[in-house]
Amino acid sequence: MKQFVLASILAGALALPAYAADYKIMAPAAPGGGWDQTARSMQTALQDEKISGSVQVNNVPGAGGTIGLAQFVNQANGDPSQLIVGGYVMVGAILTNASPVTLDQVTPIARLTGEYEALVVPAASDIKDMAGLVAKLKADPGSVSWGGGSAGGTDHITAGLIAKAAGVDPTKVNYIAYSGGGEALAAILGNQVTVGISGYGEFAEQIKAGTLRIIGISSDAKVEGIDAPTFKEGGVDVAIQNWRMVAAAPGITAEQKAAVLADVEKMVNSATWQKTLADKGWANTYLAGDDFAAQLKKDTDSTSAILKDIGLVK
């Protein structure tokens, strides 16, 4: 009888949803930007797809993600339930801020998405296209203020590359860094800066509403669903793609890493995540595990070279 009861309890337990660990995801930026959107999109997908029972998101803004990264490395060590989102911006910020904490100190899990950079101006701006922007830059680089994300991040790098391609000294770029997408958007809409630069998804609603005009997209070729010329079509030979990733805590075991990888892979393949990609205009650039760790090293090396070239790193 006892064996029958035990077997029944065991069968009942096996019939329950096999949730993985609950997760806490750090977005090392203010609400509204790409990392915050990524973390909250992960939260929705992991919960709605019943991959995890509970997912919390917390924001720790500042210094291109390096403040949050330092906190994560110091406080999450050995905890497989803690994740952090980051990306290309963080790679640049670590270099420009000479951060004592680097991505070598976390456990890379996967690159998740890619997004092209969009250049926008307020609807009333006299800049109608890339040619108009280049003309102003050449006349007086300092008169063109660029509003974007953290210093040394993708937005800043893109502004420097545009200036260089236009024959303007990239060290003369008047770049104003904001710690979150919401702050940058308010500055652009409030005419506090000449031009805004960020991932397309952060401007999509305002572009559709007509309050912002997009003058260029940083892709190599036209992007389906985005009505804008590429930088190259506008006469500026620059193409760049931002990417975003998720990493786990330092000091976790190989088994714990494998479990996190499995959950992230389920999430990436889920219908909820695929809909998020389509809705936000994010490209699926999923690359996981050791392959991603190797690519991260390559991206860090190439970013260092670019930042030196445009004068942001000595």
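That block above? That's the structure.
Since the model is a prediction, treat every value here as computed from it, not as a measurement.

**Student:** Please give an account of the packing of helix 6 (residues 154-165) against helix 11 (residues 289-309) that cites residues and values.
**Tutor:** Packing of helix 6 against helix 11 leaves a shortest axis separation of 10 Å and a crossing angle of 55°. The orientation of helix 6 relative to helix 11 falls into the category oblique. In terms of crossing hand, the pair formed by helix 6 and helix 11 is left-handed. Across from Ile157, Leu161 and Lys164 in helix 6, the residues of helix 11 making contact are Thr303, Ile306, Leu307 and Asp309. Grouping the amino acids of the contact of helix 6 with helix 11 by side-chain chemistry returns four nonpolar, one polar and two charged.

**Student:** Can you lay out the pattern of salt bridges for me, pointing to particular residues and giving the numbers?
**Tutor:** Under the defined criterion, the tally for this structure stands at twelve salt bridges. Between Lys136 and Asp126 there is a salt bridge whose closest N-O contact spans 3.5 Å. Here Lys136 is found in helix 5 (residues 130-139), whereas its partner Asp126 is found in the loop between strand 4 (107-122) and helix 5, with ten residues between them in sequence. Residue classification places Lys136 among the partly exposed positions, given a relative accessible area of 31%. Among the ionic pairs, Lys232 bridges to Asp220, the shortest N-O distance being 3.0 Å. Of this pair, Lys232 sits in the loop between strand 8 (212-217) and strand 9 (241-248) while Asp220 sits in the loop between strand 8 and strand 9, placing them twelve residues apart in sequence.

**Student:** Before we move on, can you summarise helix 11 with the specific residues and values?
**Tutor:** Spanning 21 residues, helix 11 covers 31 Å between terminal C-alpha atoms, matching the ideal 30 Å at 1.5 Å per step. If you check which residues of helix 11 are buried, you get Gly289, Phe292, Leu296, Asp299, Thr303, Ser304 and Leu307. Projection of helix 11 onto a plane perpendicular to its axis shows the buried side chains occupying an angular sector of 140°, all on one side. Exposed side of helix 11, more than 90 degrees from the buried face: Asp290, Asp291, Lys297 and Lys298 are the residues found there.

**Student:** Can you tell me about the environment of Gly34, naming the residues and giving the values?
**Tutor:** Relative to the helices and strands, Gly34 is located in helix 2 (residues 34-48). By relative accessible area, Gly34 is classed as buried at 8%. C-alpha separation for the pair Gly34 and Ala177, spaced 143 residues apart in sequence, amounts to 15 Å. The residues contacting Gly34, other than those within four sequence positions of it, are Glu202 and Arg244.

**Student:** I'd like to hear about the pairing of strand 4, residue by residue, with values.
**Tutor:** Within strand 4, 15 of the 16 residues are buried, which leaves it mostly tucked inside the rest of the structure. One ladder, built from eight bridges, connects strand 4 with strand 9; its direction is antiparallel. Paired with Thr113 across the strands is Arg244, a residue of strand 9. Where strand 4 and strand 10 (residues 283-288) come together, four bridges link them in antiparallel fashion. Within strand 10, the residue paired with Gly114 across the bridge is Ala283. Sheet analysis places strand 4 next to strand 7 (residues 195-199), joined by four bridges and oriented antiparallel.

**Student:** An account of the packing of aromatic side chains is needed here, citing residue identities and associated values.
**Tutor:** For the structure on display, the rule yields three aromatic pairs. An angle of 85° between the planes, with centres 6.1 Å apart, marks the rings of Trp243 and Phe292 as edge-to-face. Placement of Trp243 in strand 9 and of Phe292 in helix 11 is noted, with a sequence separation of 49 residues between them. Among the aromatic residues, ring-to-ring pairing joins Tyr88, Trp243 and Phe292 into one connected group.

**Student:** Run through empty space enclosed by the protein, naming residues and quoting values.
**Tutor:** Unoccupied space between atoms shows up once a probe the size of one water molecule is rolled over them. The final tally for this structure, using the stated rule, is one cavity of 30 Å³ or more. Approximately 320 Å³ is the volume found for the largest cavity. Lining of the largest cavity is provided by 31 residues; of these, Gly34, Val89, Gly149, Asp155 and Glu202 occupy positions nearest its centre. If you list the elements that add at least two residues to the lining of the largest cavity, you get helix 2, helix 6, helix 7 (181-189), strand 7, helix 8 (200-209) and strand 9. Broken down by class, the residue content of the lining of the largest cavity amounts to eleven nonpolar, 16 polar and four charged.

How each quantity is defined
Residues numbered from 1 in each chain as written. Predicted model: local features only at pLDDT ≥ 70, side-chain atom pairs only at ≥ 80, totals over all residues. Heavy atoms only, no water. Axes fitted to C-alpha atoms, helices over the stretch in contact; angles between N-to-C directions. Helix = DSSP H or I, 4+ residues; strand = E, 2+ residues; numbered from the N terminus. Parallel < 35°, antiparallel > 145°, perpendicular 65-115°, else oblique. Left-handed = near helix turned anticlockwise from the far one by under 90°. Contact = heavy atoms within 4.5 Å. Nonpolar A, V, L, I, M, F, W, Y, C, P; charged D, E, K, R; others polar. Salt bridge = Lys/Arg side-chain N within 4 Å of Asp/Glu carboxyl O. Buried < 20%, exposed > 50% of the residue type's maximum accessible area, 1.4 Å probe, protein only. Expected span 1.5 Å × (residues − 1). Arc of directions from axis to C-beta. Pairing = 2+ DSSP bridges. Phe/Tyr/Trp six-rings, centres within 6.5 Å; stacked < 30°, edge-to-face > 60°. 1 Å grid on protein atoms, 1.4 Å probe; cavity = no way out; pocket = protein on both sides within 12 Å on 5 of 7 lines; lining within 4 Å. Points joined across faces, edges and corners; volume = space filled by probe spheres on them.

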